[in-house]
Amino acid sequence: MGIQFDSKNKIFHLKAKNTSYVMEVVRDGYLLHRYWGRKINTFHNSNFLQLLDRGFSGNPYLHKDERTFSLDTLPQEYPQYGNTDFRKPAYQIQQENGSTITDLRYQSHSIFKGKEPLEGLPATYVESEDEAETLEITMVDSLIGLKVILSYTVFERLNVITRSVRFLNEGSEELKLLRALSMCVDFRDAEYEFLHLHGAHVKERHIERQPLRHGIQSVESTRGASSHQHNPFIALLRKGTTEDFGEVYAFNFVYSGNFLAHAEVDQFSNTRVTMGINPFDFNWKLEAGESFQTPEVVMVYSAEGLGDMSRTYHELYRTRLVRGHFRDQERPILVNNWEATYFDFNAEKILEIARAGSKLGIELFVLDDGWFGKRDNDKSSLGDWFVDHRKLPEGLDDLASKVKDMGMEFGIWFEPEMISVDSNLYREHPDWCLHVPERLRSESRNQLILDFSREDVCDEITKRVSDILESVPITYVKWDMNRHMTEIGSASLPADRQRETAHRYMLGLYKVMEKITASFPHILFESCSGGGGRFDPGMLYYMPQVWTSDNTEAVSRLKIQYGTSLVYPIVTVGSHVSAVPNHQVHRTTSMEMRGDVAMSGNLGYELDLTKLSDEEEKIVKQQVAHYKEIRKLIQFGDFYRLQSPFEGNETAWLFTTKDKSEAVVYYFRVLAEPAAPTTVLKLKGIDDTKQYQVIGTDKVFGGDELSYVGLSIPANIHGDFQSYVWHLKACSE
């Protein structure tokens with residue numbers, strides 16, 4: 001493990017658990033990428049660079065007589081534009097004279113144990129210096145006094161390398177950052193498939209996979225959020241890669257705002273992958289002596305397919321991204337009143353639902369939107385975080401106390417980043433929203449966005465939210481954000497800094513979240529953005545779980561949760577049972593299937609429990625009791641995908657404990673088929689040497705039989721929208 005530097009050959013060799021990453025300094029300080037893949041003992045340049053005279057690939061001035069040396073053909077670590085490389089650069093600087101030409105060269109490096117935090121930004125961390133080692137490479141453009149520090153952290157027990165970049169203006173004139181991506185990898189071939197997670201509101205994180213082609217394939221967000229439309233994750237897969245076999249090179253951006261991730265295949269079939277803050281509508285002024293820190297990219301290599309990649313991300317994020325008291329705590333089963341009542345409720349109705357939940361064994365009641373201001377619909381009151389005594393005459397504290405007397409915890413919904421035009425806050429401070437002078441202010445869901453690039457706005461919202469959390473016995477907060485940015489401008493910034501607004505907003509938001517979550521460590525915070533519109537690593541750093549999608553329909557959730565599991569740990573996935581016909585797609589599925597899908601994440605209910613039939617009450621009570629038995633396994637075990645909803649009518653996945661002594665297998669079939677074939681499900685992630693009993697039966701099977709022969713799906717499962725569950729425990733010897 002660790003980072004080695006061969007001073008004679010100027011080669012950096014980074015070693016993680018089972019992967020190596022190699023760089024080389026050549027000629028006049030150019031930093032080249034040489035290898036990333038399976039771990040090797042020593043790099044001896046077997047894949048030596050073959051320098052060829054390529055037409056229309058120019059030569060740097062110092063090598064103008066050497067036509068075989070061109071940056072256009074070399075694999076670089078942090079490339080720039082304008083010095084013979086015509087591919088997309090990782091960064092771009094504009095000088096006062098208008099020039100955007102820079103020329104970074106290697107100056108020095110340092111290697112140290114551990115990992116430093118990124119100032120003002122979320123990032124992975126270590127709890128012991130021995131867990132990781134960090135390399136910082138200093139590159140300089142001596143003409144303008146620009147210093148760029150490339151940071152690489154290697155985790156000892158995982159196939160993970162994290163990267164970020166810091167820019168320092170050590171010159172005498174102002175510089176303007178036009179492009180500041182966090183990483184680049186230049187692969188020397190293009191024999192890959194490009195995988196990403198696309199979607200829409202109520203249809204998040206669907207998997208799309210296609211061959212790389214010449215030119216640029218990219219995903220991005222310009223919405224001011226990581227977005228429902230594209231998750232800040234991409235992967236390159238060797239052709240034919242499956243869940244269990246093949247090479248995967250994966251990239252995930254620890255940021256919740258605008259991002260860009262792209263793969264560019266050049267004229268010689270080399271592939272350049274870059275990721276970072278979206279350059280669109282972005283720049284950042286660097287005065288002399290100032291610095292700029294980019295967010296982090298988490299890079300994962302897997303030689304054993306997508307499943308191994310996912311479990312690497314899951315372990316890293318669950319243990320070294322998520323923080324605080326709830327990182328290692330089992331998450332409570334909750335009931336949320338939103339789809340039961342929407343805005344139309346009073347204290348008695350809330351208590352009726354809570355009372356019903358308590359009898360069923362539910363542990364937490366969450367009061368959703370509508371408890372504040374004069375919030376009878378979505379047209380008013382955001383920003384006025386004061387209790388509506390028309391609905392709650394005795395206040396929140398009384399309501400929460402009564403819920404707690406029922407043996408349940410009490411949670412609440414906020415949307416702190418938003419403001420309604422019809423609100424006292426807007427009437428008092430109309431300039432506190434994002435806006436551009438003399439332009440109309442576009443609304444979405446009848447609301448505007450508070451300008452979190454302003455310290456006064458951040459301070460006031462922090463105070464208003466904290467006042468509620470201090471005065472009421474709240475143990476859970478759902479933090480929502482229900483629109484994306486338009487007219488991105490700030491009344492507090494000068495004209496030449498207006499394009500900094502979106503990033504400054506994110507820095508302000510992270511500061512507010514840090515302060516509130518640190519002040520209330522006993523509260524479990526769940527991030528939400530119209531469901532899964534900000535399901536990203538940046539949010540997980542502050543809030544250990546995310547409302548996965550506003551679409552709670554079981555069949556839709558198969559794809560949503562399957563896609564989400566590609567990167568994000570199951571313990572971060574909020575998943576609820578809701579009423580039928582479903583409010584989003586109007587489909588009717590069984591309570592059993594809805595429960596089995598929801599139990600494949602953090603179980604909750606979002607329906608009027610007072611309207612359940614006797615049979616439904618019985619089923620829910622059984623689900624709650626069963627989930628409590630397997631909750632630790634589901635939330636903190638290893639996850640294996642068995643059958644994909646993107647490839648057919650059936651879906652299956654499996655959870656197993658670290659020691660493989662217990663497993664839960666879920667199978668789902670969407671539609672019944674005439675003359676359907678019989679199905680056998682081959683398991684993964686269990687111990688071939690153990691004997692497993694199927695709980696609730698006297699059947700015992702060897703782990704090898706379950707893995708290689710498989711389990712038959714019972715033929716007596718009839719009709720559409722069916723599920724089946726096996727709970728396996730290893731027999732004591």
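Refer to the structure presented above.
Residues numbered from 1 in each chain as written. Predicted model: local features only at pLDDT ≥ 70, side-chain atom pairs only at ≥ 80, totals over all residues. Heavy atoms only, no water.

Caption draft 1: Inspection of the packing of aromatic side chains at higher detail. The tally for this structure, following the rule as stated, stands at 41 aromatic pairs. Considering the side-chain rings of Tyr 78 and Tyr 91, the 5.4 Å spacing of their centres and the 5 degrees angle between planes classify their relative orientation as stacked. With a gap of 13 residues between them, Tyr 78 in the loop between β4 (30-38) and β5 (91-94) and Tyr 91 in strand β5 connect regions that are remote in the sequence. Per residue, the accessibility class of Tyr 78 equals that of Tyr 91, and both read buried. Summarising the aromatic geometry, the rings of Trp 371 and Phe 414 are spaced 5.5 Å apart at their centres and angled 90 degrees between planes, so their arrangement reads as edge-to-face. Of the two residues, Trp 371 sits in the loop between β22 (364-367) and α4 (395-405) while Phe 414 sits in strand β23 (residues 409-414), which places them 43 residues apart along the sequence. According to the relative accessible area criterion, Phe 414 is buried, its value standing at 0%. (Phe/Tyr/Trp six-rings, centres within 6.5 Å; stacked < 30°, edge-to-face > 60°. Helix = DSSP H or I, 4+ residues; strand = E, 2+ residues; numbered from the N terminus. Buried < 20%, exposed > 50% of the residue type's maximum accessible area, 1.4 Å probe, protein only.)

Caption draft 2: Quick look at helix α10 (residues 591-598). Burial analysis of α10 places 7 of its 8 residues in the buried class, which makes it a mostly covered element. Listed in full, the buried residues belonging to α10 are Met 591, Met 593, Arg 594, Gly 595, Asp 596, Val 597 and Ala 598. In the core, the buried residues of α10 are packed alongside α9 (554-564), β29 (573-578), β30 (602-606), α11 (614-636), β33 (662-669) and β38 (722-730). (Contact = heavy atoms within 4.5 Å.)

Caption draft 3: How the structure looks around the pattern of salt bridges. A complete count under the given rule lists 52 salt bridges for this structure. The closest approach of N and O atoms between Lys 115 and Glu 296, which form a salt bridge, is 2.6 Å. Of the two residues, Lys 115 sits in the loop between β6 (105-113) and β7 (132-141) while Glu 296 sits in strand β20 (residues 296-302), which places them 181 residues apart along the sequence. Of the two residues examined, Lys 115 and Glu 296, each falls in the buried class. Among the ionic contacts, a cluster of salt bridges with common partners joins Asp 85, Arg 87, Asp 186, Asp 266 and Arg 272. (Salt bridge = Lys/Arg side-chain N within 4 Å of Asp/Glu carboxyl O.)

Caption draft 4: Quick peek at the sheet that holds strand β35 (residues 691-694). On the basis of which strands lie adjacent, the open sheet formed by 6 strands has the order β31-β32-β33-β38-β35-β36 and antiparallel pairing. What marks the edges here is a single partner per strand, and that holds for β31 (638-643) and β36 (700-702). With strand direction ignored, the average angle separating the axes of adjacent strands in the sheet is 25 degrees. Judged from the 7 bridges that link them, strand β32 (residues 650-656) and β33 form a sheet pairing that is antiparallel. Bridge pairing in β33 links Glu 650 to Arg 669. Contacting β31, β32 and β33, α9 runs over the sheet at an angle of about 45 degrees to β32. Strand contacts of α11: β31, β32, β33 and β38, with the helix running at about 95 degrees to β33, the strand carrying the most contacts. (Pairing = 2+ DSSP bridges. Axes fitted to C-alpha atoms, helices over the stretch in contact; angles between N-to-C directions.)

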